Every structure is written in structure tokens, then in C-alpha cells.
Amino acid sequence: RMATYRERADDVLYIRSFELEQFMDARFGAMYDLVVSNSLLETRLKTYVRALELCYLDMRLVRLTQDKFMRLDLLVDSGFEFSKKPLVQEALLQTAVETSLGPVARRPLLGAIFAISLFSIQNDFTHSTFKSFLVGALFRDIGIPVGLEDPHGDHEELSSMQIEHLLKHPENSVEILREFISVDDMMEHLIRQHHEQPLGNGFPRGLKRAETFLPAQKLTLADWIVTLLDGCRSPRRALQKEIVLGKLEAALPEENKRHLLLLTKLVTTALK
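Here we summarise the structure given alongside this text. As the structure is a computational prediction, the values presented were derived from the model and not from experiment.

**Brief notes about the environment of L93**
On the secondary structure map, L93 appears in helix α5 (residues 86-98). For the pair formed by L93 and L271, sequence separation is 178 residues and the distance between their alpha carbons is 8.8 Å. When sequence neighbours within four positions are dropped, the list of residues in contact with L93 reads I113, F114, S117, L266 and A270.

As C-alpha cells, this is what we get:
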């Protein structure tokens, strides 16, 4: 349904955006009730991931509004409660990997949940920092036009215009969000620096590891994990933990070898 909408979004005879928004509003209400009231944790976690996907698709493909960020706040509250319990956070990570997310939302959602898991291993969240982390991670690439190549993949095939969009999208993402919500320092640094690399060969500022905001470092690692998982996916088989772990150690850049044990632990947890 969403793929068809994207293909024909400019065809006013096909569908009007407010009709899609009405559908998503009704769907979100039913899903949120399950997140907060269902007695089965498995149902709550799976519905939470789906509800996050729903919110992201609505805001990414239709339009951003302050009301939709208020709706997202409801999910932030639920996610914060999950994050306070390590075993529940691990179950959420497993649920997110197992859930068949669409191509538009998969990287934003998985990257955000992996990054939160990485950060929470060594740090505690307050409610406000959790909100800044989740919202910033989800919308880190919103400054890239829909349909442009994935900024985390191979850049050799990009046109000069696509490369320009790529290099500017961290700044653009911050400015877009500022039109609708208050962007605090944590959210801003997270978005601006999530493409920086330890050796200083990232963008947009070419910061080295010691100069890069720690949560942004975690998000960079999380994006690397998502890329690794995508490379190991098969249409006919679920992700195989042994295959992923083997590729992880072989593919991990030398400058990130210090994180090998941490990433191995995270992937092992995610693919139980």
C-alpha cells in the first residue's frame, strides 16, 4: 500500500494524502492500545515496532506535523519503559530484527534500536535523553529526498547532485526538525555527526573519534550493523547468526576492532 502511494503520490486522481493520514490515525490508535494494555509482552513489543514504523512512514512519506510528533511522544514513553529493563530491551532488539520492516523504515528503525541498545550497555537514560536519542536517530536522514540512494551504501554510483544532497543531509535534517520540534544539543549533535568516522574520513566535518559525540559514534556503529545484516539477508531464509558473526569479524574496519566484543555481544543477542 505504501509502495503504491509512493509511486503515484503526484497522481491526484489516485489518492489524496489526507485520506492516507486518516487511515494511519485510526490504525495507530488501535496499535497503541495494544502496546500499553496487552498482557503478552511479545504482542506489545511487536506492535510497538509496527507502530514506530507507521509513525515514521506517515511523517516521511506524507508530511511532518507537530501533531504527529505528539503522537510519537506516546511511543517514546513506552520505549523508555522498555529500555529500563535489560531483558525487555534485548527482547525488543530481537523483535525488531525479526519483524519484516519495509525498505523505507527498516534502516531508521533498526539503526535507532541498535544504537539505543549499544548506548544503554554502558550508560543510563533519563526520559529526556531517551527521547532525544530515539527521535534524533529515527530522523537522522530525513534531510535526504525520498527515493535517493541510501547514504550508507556505496557512493561511487551517485551523481554529483546526489552527492551534494548526501553531504548536506545532516545539516538539512536538523533544520527540517527545527520547524516542528525543539531540537536540543543531544539531538543536534547526534544527527550532525552520525556519518563521522574514527579516522576523520567521514562527513560533513571530518571529525575524528575523539572529536565525535559519543551517542553519534554508537549510531554510526549501529548503521554499520544494519548494513551488515542487510548483506546477510536471504529472501528464503532467516538471518543465520553464525554467518553474520563470521562476516562481522571479517568486515569490521581496523579502526573499529576495539568494538568487536561489544558488537559481537549485540548481534548474538539480536539473533537468538
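**Some words on the side chain of N256**
Of note, N256 is situated in the loop between α11 (241-251) and α12 (260-270). We classify N256 as buried; its relative accessible area is 8%.

**Some points on helix α4 (residues 66-83)**
The end-to-end C-alpha separation of α4 is 25 Å, in line with the 26 Å expected for 18 residues at 1.5 Å each. Three or more residues of α4 are buried, namely K68, F69, R71, L72, L75, V76, S78, G79, F80, F82 and S83.

**Observations regarding the nonpolar core**
If you look at the biggest cluster of nonpolar residues, it comprises 78 residues, and the most contacted ones within it are L72, L75, F114, F133 and F139. Per element, the largest residue contribution to this core is 12 residues, and it comes from helix α3 (residues 41-62). In this structure, L72 is in contact with L52, C55, V135, L138 and F139, ignoring residues within four places of it in sequence.

**Comments concerning the pattern of salt bridges**
Applying the stated criterion across every chain, the model contains 16 salt bridges. Of the charged contacts in the structure, one is a salt bridge between K131 and D73, with a shortest N-O distance of 3.2 Å. Highlighted residues: K131 in helix α7 (residues 127-138) and D73 in helix α4, separated in sequence by 58 residues. Notably, a salt bridge pairs E188 with R178, separated by 2.9 Å at the nearest N-O pair. With E188 in helix α9 (residues 185-193) and R178 in helix α8 (residues 160-178), this pair connects stretches of sequence that are 10 residues apart. R178 sits in the partly exposed class, given a relative accessible area of 38%. Residues joined by salt bridges that share partners form a network here, namely E21, D25, D58, R63, K68 and R71.

**Re α12**
Looking at α12, one finds that the buried residues are L260, L262, L263, L266, V267, T269 and A270. On its buried face, α12 sits against α5, α6 (103-122), α10 (214-232) and α11.

**So, the packing of α8 against α9**
The geometry of α8 relative to α9 is characterised by a closest axis approach of 7 Å and an angle of 150° between their N-to-C directions. The pairing of α8 with α9 is recorded here as roughly antiparallel in orientation. In this structure, α8 crosses over α9, and the sense of that crossing is right-handed. Contacts between α8 and α9 pair P170, E171, S173, V174, E175, L177 and R178 from the former with M187, E188, I191 and R192 from the latter. Of the residues belonging to the contact of α8 with α9, the class tally is five nonpolar, one polar and five charged.

**With respect to the environment of L271**
By secondary structure assignment, the location of L271 is in the segment after α12. Through-space distance from the C-alpha of L271 to that of L239 is 7.5 Å; in sequence the pair is 32 residues apart. What L271 contacts, discounting residues up to four positions off in sequence, is V97, L229, L239, K241 and V244.

**Quick word on the packing of aromatic side chains**
Applying the stated rule across the entire model yields 10 aromatic pairs. Aromatic side chains F69 and F139 sit 5.6 Å apart centroid to centroid with 55° between the ring planes, which places their arrangement in the tilted category. Of this pair, F69 sits in helix α4 while F139 sits in the loop between α7 and α8, and the two are 70 residues apart along the sequence. Classification of F69 as buried rests on a relative accessible area of 4%. Each member of the aromatic cluster is reached from another via a ring pair, and the members are F80, F119, F125, F130 and F133. The residue whose ring lies beneath R71 is F28, and the NZ or CZ to ring-centre distance is 5.1 Å.

**What to know about the side chain of S117**
The topology assignment puts S117 in helix α6. There is a polar contact of 3.0 Å between the side chain of S117 and the backbone oxygen of I113. What S117 contacts, discounting residues up to four positions off in sequence, is Q89, L93 and L266.

Each value, and the rule that gives it
Residues numbered from 1 in each chain as written. Predicted model: local features only at pLDDT ≥ 70, side-chain atom pairs only at ≥ 80, totals over all residues. Heavy atoms only, no water. Helix = DSSP H or I, 4+ residues; strand = E, 2+ residues; numbered from the N terminus. Contact = heavy atoms within 4.5 Å. Buried < 20%, exposed > 50% of the residue type's maximum accessible area, 1.4 Å probe, protein only. Expected span 1.5 Å × (residues − 1). Core = buried A, V, L, I, M, F, W, Y, C linked by side-chain atoms within 4.5 Å. Salt bridge = Lys/Arg side-chain N within 4 Å of Asp/Glu carboxyl O. Axes fitted to C-alpha atoms, helices over the stretch in contact; angles between N-to-C directions. Parallel < 35°, antiparallel > 145°, perpendicular 65-115°, else oblique. Left-handed = near helix turned anticlockwise from the far one by under 90°. Nonpolar A, V, L, I, M, F, W, Y, C, P; charged D, E, K, R; others polar. Phe/Tyr/Trp six-rings, centres within 6.5 Å; stacked < 30°, edge-to-face > 60°. Lys NZ or Arg CZ within 6 Å of the ring centre and 35° of its normal. Polar contact = N/O pair within 3.5 Å; in protein donor to acceptor, adjacent residues only side chain to side chain.

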